[in-house]
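# Structural features, examined
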Amino acid sequence: MKSAYNKNPVEIIRGKHKKISVFSTEGNNIDPIVVKGFGDEWLKFKDFSDAEIAQISAEYFDILDDNILTPSTYAVDIGCGSGRWTKALSRRVGFVEAIDPSNAVISAEHLLKEVENVRITKASVETIPFDDETFDFAMSVGVLHHIPDTQKAMVDCVKKVKKGGYFFTYLYYNFETRPAIYKTMYFVTNGIRNVVSKMPSSLKKFSCDILAITTYMPVIGLGRIMNAIGLKKAALKLPLSEYQARSFFVIRNDAMDRYGTTFDQRFSKEEVITMMKKSGLENIVVSPISPFYHAVGRKPF
Ligand SMILES: C[S@@+](CC[C@H](N)C(=O)[O-])C[C@H]1O[C@@H](n2cnc3c(N)ncnc32)[C@H](O)[C@@H]1O
């Protein structure tokens with residue numbers, strides 16, 4: 001069911017289990033420093049448990065029913081990183097093309113070693129080596145807000161979707177529904193990020209672990225104690241409440257996402273819907289639950 005590439009790779013990496021075709025990632029709409037940082041991040045965080053993948057992907061995929069994902073769906077995961085959501089997606093569709101411009105493809109090759117219905121490709125959103133209107137389903141989870149022109153990147157993703165197919169995305173929200181404390185914390189952590197994200201790789205990794213312990217864990221720990229003594233509703237209102245049921249591994253990974261990445265953008269729900277409409281999608285559904293905002297839309301016939 002997979003399509004042939006529409007150009008020749010510049011290199012082929014022969015991994016232990018799968019080969020990875022490499023295409024140029026040069027273009028105007030890519031931040032090479034961000035991509036290099038993600039390569040480092042995913043080489044460090046590559047061993048996600050199936051239980052945690054199932055638990056977290058269920059939150060992202062709550063709006064993807066069996067009409068959208070079927071055993072014959074041909075899918076692409078653009079900006080797949082470690083391949084954790086590719087793995088979850090592969091269980092519900094026919095075949096997945098996992099694409100990322102960074103060295104994360106090496107981690108994906110490791111995580112997806114036993115998954116037969118996945119092919120891994122090194123390319124960017126601007127250099128996806130497949131014809132337009134190839135896929136029944138495209139997804140880009142936590143990626144487009146790290147690309148300088150998010151709208152243009154979304155258009156590039158949707159171009160690859162067949163008429164009648166779907167595009168699913170997760171974009172950081174701008175805390176519009178949250179109390180001022182969230183925006184204040186965002187402002188403060190941005191200051192820290194400006195310093196940490198520019199550190200040399202190993203110092204950055206170490207600093208992000210320390211920040212996971214000193215800035216994430218106290219708030220998450222408080223939430224866990226509140227849950228244990230029955231204050232569940234109040235615990236849900238705390239910042240980082242989504243991490244109260246997550247492992248320390250995932251918390252460290254997300255702390256590195258937060259502090260180790262030089263560039264991201266945040267959007268309102270209206271902005272997400274507007275970008276999706278401008279990309280040519282309709283029937284847009286934005287999930288009412290966290291992570292905010294994840295949304296799916298359909299490309300009309
Ligand atoms: C936060 S990670 C998300 C990875 C994965 N989707 C997940 O949620 O686990 C962002 C990913 O976007 C990729 N990325 C950055 N710029 C990109 C671009 N221009 N085109 C495609 N992917 C890009 C990075 O290499 C990185 O792996």
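Residues numbered from 1 in each chain as written. Predicted model: local features only at pLDDT ≥ 70, side-chain atom pairs only at ≥ 80, totals over all residues. Heavy atoms only, no water.

## Structural notes on the site of the ligand
Around the ligand lies a shell of 20 residues, among which G79, R84, W85, D100 and V141 are the nearest. Side-chain polar atom of D100 to an oxygen atom of the ligand: 2.7 Å apart, as the coordinates give it. In the complex, 98% of the free accessible area of the ligand, which totals 590 Å², lies under the protein chains. For the shell around the ligand, the secondary structure elements donating two or more residues are helix 1 (32–44) and helix 3 (84–90). Partitioned by chemical class, the residues of the shell around the ligand number eleven nonpolar, six polar and three charged. (Near = heavy atom within 4 Å. Polar contact = N/O pair within 3.5 Å; in protein donor to acceptor, adjacent residues only side chain to side chain. Areas by Shrake-Rupley, 256 points an atom, 1.4 Å probe, with all protein chains shown as cover. Helix = DSSP H or I, 4+ residues; strand = E, 2+ residues; numbered from the N terminus. Nonpolar A, V, L, I, M, F, W, Y, C, P; charged D, E, K, R; others polar.)

## Brief notes about a nonpolar patch on the surface
The grouping of L203, F206 and I210 at the surface amounts to a nonpolar patch, some 280 Å² of accessible area in total. Within the fold, F206 resides in helix 7 (residues 201–228). (Patch = residues over 30% accessible without salt bridge, like charges linked within 9 Å, V, L, I, M, F, W, Y side chains within 5 Å. Salt bridge = Lys/Arg side-chain N within 4 Å of Asp/Glu carboxyl O.)

## Describing the packing of aromatic side chains
Under the definition given, this model contains 20 aromatic pairs. Here the aromatic rings of F48 and F249 are separated by 5.2 Å at their centres, their planes lie at 70°, and the arrangement is edge-to-face. Here F249 lies in helix 9 (residues 248–260) and F48 lies in the loop between helix 1 and helix 2 (50–60), a separation of 201 residues in the sequence. On the basis of an interplanar angle of 75° and a centroid distance of 6.1 Å, the ring pair of Y170 and Y172 is categorised as edge-to-face. A residue is classified by how much of its surface remains accessible, and Y170, at 12% relative accessible area, is buried. Among the aromatic residues, ring-to-ring pairing joins Y5, F23, Y74, F95, F130 and F135 into one connected group. Across from the ring centre of Y5, 4.4 Å away, lies the NZ or CZ of R119, which sits over that ring. Note that R266 overlies the ring of Y172, its terminal NZ or CZ placed 4.7 Å from the centroid. (Phe/Tyr/Trp six-rings, centres within 6.5 Å; stacked < 30°, edge-to-face > 60°. Buried < 20%, exposed > 50% of the residue type's maximum accessible area, 1.4 Å probe, protein only. Lys NZ or Arg CZ within 6 Å of the ring centre and 35° of its normal.)

## Remarks on the sheet that holds strand 1 (residues 11–14)
Spatial ordering of the open sheet is given by 1-2-5-4-3-6-7-9-8, a layout of nine strands whose pairing is mixed. In the strand order of this sheet, the two ends are held by strand 1 and strand 8 (282–286), each with one partner. Neighbour to neighbour, the strand axes of the sheet diverge by 20° on average, direction disregarded. In this structure, strand 2 (residues 19–22) lies alongside strand 5 (residues 118–122), joined through three bridges in parallel fashion. (Pairing = 2+ DSSP bridges. Axes fitted to C-alpha atoms, helices over the stretch in contact; angles between N-to-C directions.)

## Focus: helix 10 (residues 269–278)
Buried residues of helix 10: V272, I273, M275 and M276, and no others. Seen end-on, helix 10 carries its buried residues on one side only, within an arc spanning 160°. Summarising the geometry of helix 10, the exposed residues directed more than 90 degrees from the buried face are E270, K277 and K278. (Arc of directions from axis to C-beta.)

## Overview of helix 9
If you check helix 9, its first and last C-alpha atoms are 17 Å apart, about what 13 residues at 1.5 Å a residue would give, namely 18 Å. Taking burial as the measure, the 13 residues of helix 9 include ten buried ones, the bulk of the element. Three or more residues of helix 9 are buried, namely V250, I251, N253, D254, A255, M256, D257, R258, Y259 and G260. Considering only its buried residues, helix 9 is in contact with helix 1, helix 2, helix 3, helix 6 (180–196) and helix 7. (Expected span 1.5 Å × (residues − 1). Contact = heavy atoms within 4.5 Å.)

## Here's the deal with the pattern of salt bridges
A full pass over the atoms with the stated rule returns 15 salt bridges. Of the charged contacts in the structure, one is a salt bridge between R246 and E59, with a shortest N-O distance of 2.9 Å. Pair noted here: R246 is in the loop between helix 8 (232–236) and helix 9 and E59 is in helix 2, with a separation of 187 residues, a long-range link. R246 sits in the buried class, given a relative accessible area of 9%. D66 is paired through a salt bridge with R92; the nearest N and O atoms lie 3.2 Å apart. In this pair, D66 is assigned in the loop between helix 2 and strand 3 (74–78) and R92 in the loop between helix 3 and strand 4 (95–100), connecting sequence segments 26 residues apart. Each of E126, K152, D156 and K159 takes part in a single network of salt bridges with overlapping partners.

## Comments concerning the domain arrangement of the protein
A common measure of how large an interface is: the accessible area buried when the components associate. The domains assigned to the protein are domain 1 (11–173 + 266–298) and domain 2 (180–260). Summarising the inter-unit geometry, the C-alpha centres of domain 1 and domain 2 are found 24 Å apart. Counting residues at the interface gives 19 residues for domain 1, matched by 16 residues for domain 2. Buried area between domain 1 and domain 2, both sides added, is near 1,500 Å², and the carbon and sulfur share of it is 49%. The tally of links from domain 1 across to domain 2 stands at two salt bridges. Here the side of domain 1 that touches domain 2 gets six residues from one element, more than from any other, and that element is helix 1. Split by residue class, the side of domain 1 that touches domain 2 holds seven nonpolar, three polar and nine charged. (Domains from an automatic or database assignment. Buried area = accessible area lost by both parts, 1.4 Å probe.)

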